[in-house]
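For reference, the chains in residue letters:
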Amino acid sequence: MPEQENRYGVIVVGAGHAGCEAALAAARMGVETLIVTLSLTDIAGMPCNPAVGGLAKGQLVREIDALGGEIGLAIDETGIQFKMLNRSKGEAVWSPRAQADKEAYHLRMLRALKQQKRLEIIEDEAVDLIAGEGEVHGVVLKSGRSIGAEKVILTLGTFPNGLMHTGEDQVPGGRVGEPPAGEISDCLAESGFIRGRLKTGTPPRLARGTIDFSRCEIQPGDTDPRPFSFRTEKIESEQVSCHITYTNREAHKLIMDNIDRAPLFSGQIKGVGPRYCPSIEDKVVRFRDKQRHQLFLEPEGLNSDLTYVNGLATSLPRDVQEGILKLVPGLEDARIVRYGYAIEYDFFPPHQIHASMETRRMKNLYFAGQINGTSGYEEAAAQGIMAGINSARSICGTGPLVLRRDQAYIGVLIDDLVTKDISEPYRMFTSRVEYRLQLRQDNADRRLFRYGVKNGLLDRGWWEGMVSESRNVVRAEVRLFSEKLDPEICSEVLGGRENDKIVGRKPAGELVLRPEVELEEVEPYLPGGRLDLSEKERESLKIRLKYRGYIEKQRRNARKMLKMEKMRIPERFEYAGIEAISTEAREKLEEFRPETLGQASRIAGVRRADLSVLMVLLERG
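To keep things clear, this report deals only with the structure shown in the data block. (Residues numbered from 1 in each chain as written. Predicted model: local features only at pLDDT ≥ 70, side-chain atom pairs only at ≥ 80, totals over all residues. Heavy atoms only, no water.)

1. Some details on the overall build of the chain
Next up, step 1: The helix and strand tally for the chain stands at 21 helices and 22 strands.
Next up, step 2: In terms of overall size, the chain behaves like a compact globule, its C-alpha atoms giving a radius of gyration of 26 Å where 621 residues would be expected to give roughly 25 Å.
Next up, step 3: Its C-alpha atoms put the chain at 80 × 70 × 50 Å along the principal axes.
Next up, step 4: Taking all 621 residues of the chain together, 58% fall into the buried category.
Next up, step 5: Counting contacts in the chain only where the partners sit at least 6 residues apart, residues at least 24 apart contribute 73% of the total.
Next up, step 6: Surface summary for the chain: the accessible area is close to 26300 Å², and the carbon and sulfur share equals 48%.
Next up, step 7: Counting 89 positive and 92 negative side-chain charges, the chain places the centres of these two groups 5 Å from one another. (Helix = DSSP H or I, 4+ residues; strand = E, 2+ residues; numbered from the N terminus. Rg over C-alpha atoms; globule rule 2.2 N^0.38 Å. Buried < 20%, exposed > 50% of the residue type's maximum accessible area, 1.4 Å probe, protein only. Contact = heavy atoms within 4.5 Å. Areas by Shrake-Rupley, 256 points an atom, 1.4 Å probe, with all protein chains shown as cover. Lys, Arg positive; Asp, Glu negative; His and termini not counted. Charge placed at Lys NZ, Arg CZ, Asp CG, Glu CD.)

Here it is in structure tokens:
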């Protein structure tokens, strides 16, 4: 083993969203931590969309904040447009989103890192791991330094053997202007890790002053912007509007006329791209009947001249990108400051990690972010904070924190990674979450504050405040079902919406359970007077009442699953000799090595009959 210097508790390689959350978590838990990054100027950079949150992603950010993470606080301070998405649907799928001031966000996160005790940052590149006997003991840097550590967290983003494509042009790089990181990826492959190849893309950036916004639809933010962080009282930053325009048949024809020059279709790109965030050429080919596709024009900052064209990700040649814009309303004279491009990069299929984020092949080595095949800042940040927490807990001799699917979107994300074949960039969706009525963006604090406090990432005062709010809501609910209303009052509240005659006195809560009756309609008639609740508590009570039956049903289902989640499978369990389970199940179980029977139940190819056999064997010991 090479001579080491400055042995740390945790070394984090990479300082994107995963790396920042991992390093901050470890340092805040009392562990001496080091971040290795190629450049300080790119810490918490946003190489793609300059925004945080969105459908399902907003829930992830709220959960990261409830665990004591930084992303929510950072976007609250630097967001320039806030919107609560899905307001027309039920609260279970409401998702916050904010457009970010890209440079301000980077500086805000850099400041958090620099001010954090027990955390150091160096500019260098990790090219190898210090390892022996199946354990990692540090990293080797390009500068020649060998630095020891008890734990190493790799958050490499799109840098591992990154290759950027614009038409026929190919440039090695992790993103524009930055070199790839091939050596560390090759090191992992040589150590026996299975490696794959994925692709993502980004649209052109336009000079704002060359866009005719009068020909576009204005897209304002919410008039009452809601913070992401439970620790932010109010959004204070200046708010701006975005705009919408559309492609058309002429632009689609130009794309199809040049489809043979698109790296995605010419065979030049080998990596698999994101199905749910396709390039414009992919959308035109796959949805040929659509006459237009929506494009969002989003500013990259209050003091930036760049506009991000959300919806126009492309790797088409430069002349074709220019031609498309000339056909889009409002963009006819727009000047491209940076052309769109696709990027291919290495990833390591995540069945090679435990739910703690530690790798199966090497102890003390953790993966987080796009190295695991995910896409998105939010998915990366979620993995990062869990890797940081669990690496620090391991150093302290504490077992890992593993969130269940019924506890958090983060639990669903990580469980999906370790139990499913990831052959394309993974993106979080509300549809992936079985218990989404329980896992709303508004109650992440009630679900996860306890873990933030327990791990030293949040002050206990936040937990106590949340407990007080919860008690107020429960007391109000109990009161609603204990105070009864006369039949005449019930009829007046219903106002002819109920055909059946009201017989006898009814609890006020029963009226509010009806979808057509609002809490405010019943309150004036409560014998004890109106409910004394804050706005947040009142909203929480309404959701509890309206979804009461559904939430209880999901809780019952979660309790049934808990038995399988608690039934652990020994790490070296021998599947090969179990003839009573199918061949496909044996192969899948050997590949994924599930840690619990619950995980085994979610692996494709494992049938109910196979699970029954496993359960019997595990119960026999």
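Here the narrative resumes.
2. Considerations on helix α5 (residues 182-190)
Note: α-helices contain 3.6 residues per turn, so residues at a spacing of three or four share the same orientation.
Next up, step 1: Considered for burial, the residues of α5 that qualify are G182, I184, S185, C187 and L188.
Next up, step 2: Elements in contact with the buried residues of α5: β7 (126-132), β9 (146-154), β19 (341-347) and β20 (365-367).
Next up, step 3: Where α5 ends, the next residue or the one after it, G192, has phi of about 110 degrees, a positive value.

3. A few points about the environment of A207
Next up, step 1: Along the chain, A207 falls in strand β13 (residues 205-207).
Next up, step 2: Residues A207 and G504, 297 residues apart in the sequence, show an inter-C-alpha distance of 69 Å.
Next up, step 3: Contact partners of A207, with chain neighbours within four places excluded, come to D305, R335 and V337.

4. Brief notes about the pairing of strand β10 (residues 163-166)
Next up, step 1: Burial of the side chains of β10 extends over both faces: L163 and H165 are buried on one face and M164 and T166 on the other.
Next up, step 2: As paired strands, β10 and β19 are joined by three bridges and run antiparallel to one another. Its bridge partner being in β19, L163 is matched across the sheet by E344.
Next up, step 3: When β10 meets strand β11 (residues 169-172), the two strands line up antiparallel, connected through four bridges. (Pairing = 2+ DSSP bridges.)

5. Some thoughts on unusual backbone geometry
Next up, step 1: The backbone of A56 shows a phi angle near 70 degrees, a positive value even though the residue is not glycine.
Next up, step 2: Structurally, the position occupied by A56 is in the loop between β3 (51-53) and α2 (57-66).
Next up, step 3: Located in the positive-phi region is R118, a residue other than glycine, with phi close to 65 degrees.
Next up, step 4: Relative to the assigned elements, R118 resides in the loop between α4 (102-115) and β6 (119-123).
Next up, step 5: By relative accessible area, which is 41% here, R118 ends up partly exposed.

6. A short note on the packing of aromatic side chains
Next up, step 1: By the definition in use, this model includes six aromatic pairs.
Next up, step 2: With 6.4 Å between their ring centres and 85 degrees between their planes, F193 and F348 make a pair best called edge-to-face. Of the two residues, F193 sits in the loop between α5 and β12 (196-202) while F348 sits in the loop between β19 and β20, which places them 155 residues apart along the sequence. With respect to class, F193 is no different from F348; both count as buried.
Next up, step 3: Here F193 and F367 contribute two aromatic rings whose centre-to-centre distance is 5.4 Å and whose plane-to-plane angle is 45 degrees, an arrangement assigned as tilted. (Phe/Tyr/Trp six-rings, centres within 6.5 Å; stacked < 30°, edge-to-face > 60°.)

7. Comments concerning the nonpolar core
Next up, step 1: Counting residues in hydrophobic clusters, the biggest one holds 110 residues, and the most contacted among them are L129, L154, L365 and I410.
Next up, step 2: In terms of residues, this core owes the most to one element, helix α10 (residues 377-395), which gives nine residues.
Next up, step 3: Once residues lying within four places of it in the same chain are set aside, the contact partners of L365 are L129, V136, V152, L154, L188, F193, M357, E358 and T359. (Core = buried A, V, L, I, M, F, W, Y, C linked by side-chain atoms within 4.5 Å.)

8. A short note on the sheet that holds β3
Next up, step 1: Spatially, the three strands line up as an open sheet ordered β3-β5-β4, and their pairing is antiparallel. Taken across any chain shown, the strands that pair with only one partner, and hence form the sheet edges, are β3 and β4 (79-85). Direction aside, neighbouring strands of the sheet carry axes that sit 15 degrees apart on average.
Next up, step 2: Direction of pairing for β3 relative to strand β5 (residues 95-100): antiparallel, over a ladder of three bridges. In the sheet register, A51 faces β5, and the bridge partner there is Q99. (Axes fitted to C-alpha atoms, helices over the stretch in contact; angles between N-to-C directions.)

9. Notes on helix α11 (residues 409-419)
Next up, step 1: Where burial is concerned, most of α11 is hidden: eleven out of the eleven residues are buried.
Next up, step 2: Inspection of α11 places Y409, I410, G411, V412, L413, I414, D415, D416, L417, V418 and T419 among the buried residues, and these make up the whole buried set.
Next up, step 3: In the core, the buried residues of α11 are packed alongside α2, α10, α19 (583-592) and α20 (597-601).

10. Details of the sheet that holds strand β17 (residues 306-310)
Next up, step 1: The six strands are arranged β14-β15-β16-β17-β13-β18 in an open sheet whose pairing can be described as antiparallel. Because the sheet does not close on itself, it has two edges, and the strands there are β14 (217-219) and β18 (336-338). Strand after strand, the sheet turns through a mean of 35 degrees between neighbouring axes, direction not considered.
Next up, step 2: Where strand β16 (residues 294-299) meets β17, four bridges bridge the pair, whose relative direction is antiparallel. Residue P299 lies in a different strand from β17, and its bridge partner there is T307.

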